[in-house]
Amino acid sequence: MNMNNKRIREIEEELKSTDERTLLYDKYAQDSRIGVQRLIEKYRTLDEKLLRERLRIKQMLSYEHEYASYGMICGVDEAGRGPLAGPVVAGAVILPPEPMILYLNDSKQLSPAKREVLYDEILQKAVAVGVGMAEPKRIDEINILQATYEAMRQAVERLHPAPDVLLNDAVTIPGLSIKQVPIIKGDAKSLSIAAASVIAKVTRDRLMEDYEKEFPGYGFASHKGYGSQKHIEALKKLGPCPIHRRSFIGNFI
């Protein structure tokens, strides 16, 4: 039976306007209208998904909790080690204690639109963010691994305040005196590393979109410099441009 005079639309607005819906579920449990019961089912499902996401985020803070006694913790990751063109970019992020940035994950697991939203949220909530990069010419000079380390050092050195411990995605960065913890697949296990991966990825993607305007015809805005079929065909047709990595493209020209 319908025990209240509220319209279904009004009940939905009431459910939407609060994160504490348990009392409302009890309040409308006896409302016999199908539309009301569907609303309750919908929001119960949303609440369950939100709870699971909050638990996932807490699990991704296990390394941050483990090393909290060292002081300021920084996550470090890179984007762009594999492409044929463009820079390799590193991100370094210090998050506040117990950050709740929902849906943050390894940047490769996120859509471009979601990465953009999270990028802004990270910048807003982070204690500090640093970005470093090595251009294609530098990659050719010292190789991609050393260029990646160089970009990571830049990112860390640009942080203010300076971190006390680094959580890195799988690597130990030479030339730094700060304590480092390499974590295999760290961008999926540590929230700080995941934040760094988003910063690095979005920064690099935006650069490659700008390069599309400067060097048209290669499709940089779509493939971001990776070796897609379209990119390789354009490379064979047009030849290399100034942002191509000469040490990477020998088999394609």
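Structure shown above.
Owing to the predicted nature of the structure, the values given are computational and were not obtained by experimental measurement.

Rules of the game
Residues numbered from 1 in each chain as written. Predicted model: local features only at pLDDT ≥ 70, side-chain atom pairs only at ≥ 80, totals over all residues. Heavy atoms only, no water. Helix = DSSP H or I, 4+ residues; strand = E, 2+ residues; numbered from the N terminus. Buried < 20%, exposed > 50% of the residue type's maximum accessible area, 1.4 Å probe, protein only. Contact = heavy atoms within 4.5 Å. Pairing = 2+ DSSP bridges. Axes fitted to C-alpha atoms, helices over the stretch in contact; angles between N-to-C directions. Polar contact = N/O pair within 3.5 Å; in protein donor to acceptor, adjacent residues only side chain to side chain. Parallel < 35°, antiparallel > 145°, perpendicular 65-115°, else oblique. Left-handed = near helix turned anticlockwise from the far one by under 90°. Nonpolar A, V, L, I, M, F, W, Y, C, P; charged D, E, K, R; others polar. Salt bridge = Lys/Arg side-chain N within 4 Å of Asp/Glu carboxyl O.

> Just to check I follow, could you spell out the overall build of the chain for this structure?
The helix and strand tally for the chain stands at ten helices and five strands. Structurally, the chain occupies a C-alpha span of about 75 × 50 × 25 Å along its principal axes. When the 253 residues of the chain are sorted by exposure, 47% land in the buried category. Of the contacts made within the chain by residues no fewer than 6 positions apart, 65% connect residues no fewer than 24 positions apart.

> I'm lost on the sheet that holds strand E3 (residues 128–134) in this one. Help?
Think of a sheet as strands paired side by side through backbone hydrogen bonds, with each pair either parallel or antiparallel. As summarised here, the arrangement of the five strands in space is E3-E2-E1-E4-E5, forming an open sheet in which the pairing is mixed. The sheet terminates laterally at E3 and strand E5 (179–183), the two strands that pair on one side only. Across the sheet, the mean angle separating the axes of adjacent strands is 20° when strand polarity is ignored. Summarising the sheet, strand E1 (residues 73–79) and strand E4 (residues 165–169) pair through four bridges and their orientation is parallel. Note on E4: the bridge partner recorded for Ile 73 is Val 165. Most of the contacts of helix H7 (residues 144–157) go to strand E2 (residues 88–94), to which it runs at about 35°, and overall it touches E1, E2, E3 and E4.

> How do you make sense of the side chain of Thr 148 when you look at a structure like this?
Assignment of secondary structure puts Thr 148 in helix H7. Of the residues examined, Thr 148 reaches a relative accessible area of 2% and is grouped as buried. Polar side-chain contacts of Thr 148 include one of 2.7 Å to the backbone oxygen of Ile 144. Apart from the residues lying within four places of it in its own chain, the contact partners of Thr 148 are Glu 78, Arg 81 and Val 88.

> Looking at this structure, I do not really get the side chain of Asp 205. What am I missing?
Along the polypeptide, Asp 205 turns up in helix H8 (residues 191–214). Ignoring any residue separated from it by four or fewer positions in sequence, one finds Asp 205 in contact with Arg 115 and Lys 224.

> Explain the packing of helix H1 (residues 8–16) against helix H3 (residues 34–59) here, please?
When two helices pack together, their arrangement is captured by the angle between the axes and the distance separating the axes. Between H1 and H3, the least distance of the axes is 10 Å, while the angle of their chain directions is 15°. Classified by the angle their axes make, H1 and H3 are roughly parallel. For the element pair H1 and H3, the recorded crossing hand is right-handed. Residue-level inspection shows Ile 8, Ile 11, Glu 12, Leu 15 and Lys 16 of H1 in contact with H3, the latter providing Gly 35, Val 36, Leu 39, Lys 42 and Tyr 43. The class makeup of the residues in the contact of H1 with H3 is six nonpolar, one polar and three charged.

> Please clarify how the environment of Ala 155 should be interpreted in this entry.
Along the polypeptide, Ala 155 turns up in helix H7. Exposure remark for Ala 155: the relative accessible area of 0% places this residue in the buried category. For the pair formed by Ala 155 and Gly 130, sequence separation is 25 residues and the distance between their alpha carbons is 4.5 Å. Ignoring sequence-local partners within four residues, the contact set of Ala 155 consists of Ala 90, Gly 91, Ala 92, Gly 130, Val 131 and Gly 132.

> When you look at the packing of helix H5 (residues 112–125) against H8 in this model, what are you seeing that I'm missing?
Their axes nearest at 9 Å, the elements H5 and H8 cross at an angle of 120°. Relative to H8, the element H5 is oriented oblique. Between H5 and H8 the crossing geometry is left-handed. For the pair H5 and H8, the contacting residues are Arg 115, Glu 116, Leu 118, Tyr 119, Asp 120, Ile 122 and Leu 123 in the first and Ala 195, Val 198, Ile 199, Lys 201, Val 202, Thr 203, Asp 205 and Arg 206 in the second. Classifying every residue of the contact of H5 with H8 gives eight nonpolar, one polar and six charged.

> So what exactly am I meant to see when it comes to the pairing of E4 here?
A regular strand carries its side chains on alternate faces of the sheet. Of all the five residues making up E4, five are buried; the element is thus mostly covered by neighbouring parts of the structure. Taking every second residue as pointing to the same face, both faces of E4 are buried, with Val 165, Leu 167 and Asp 169 on one and Leu 166 and Asn 168 on the other. Relative to E5, E4 runs parallel, the two sharing five bridges. From the neighbouring strand, Leu 166 faces E5, where its bridge partner is Gln 180.

> I'm lost on the pattern of salt bridges in this one. Help?
Any two side chains of opposite charge can pair, given that their charged atoms come close. The final tally for this structure, using the stated rule, is 17 salt bridges. The partner of Asp 31 in a salt bridge is Arg 33, with the nearest N and O atoms 2.8 Å apart. The exposure class of Arg 33 is partly exposed, given its relative accessible area of 21%. One network of salt bridges, with partners in common, ties together Lys 6, Glu 14 and Lys 27.

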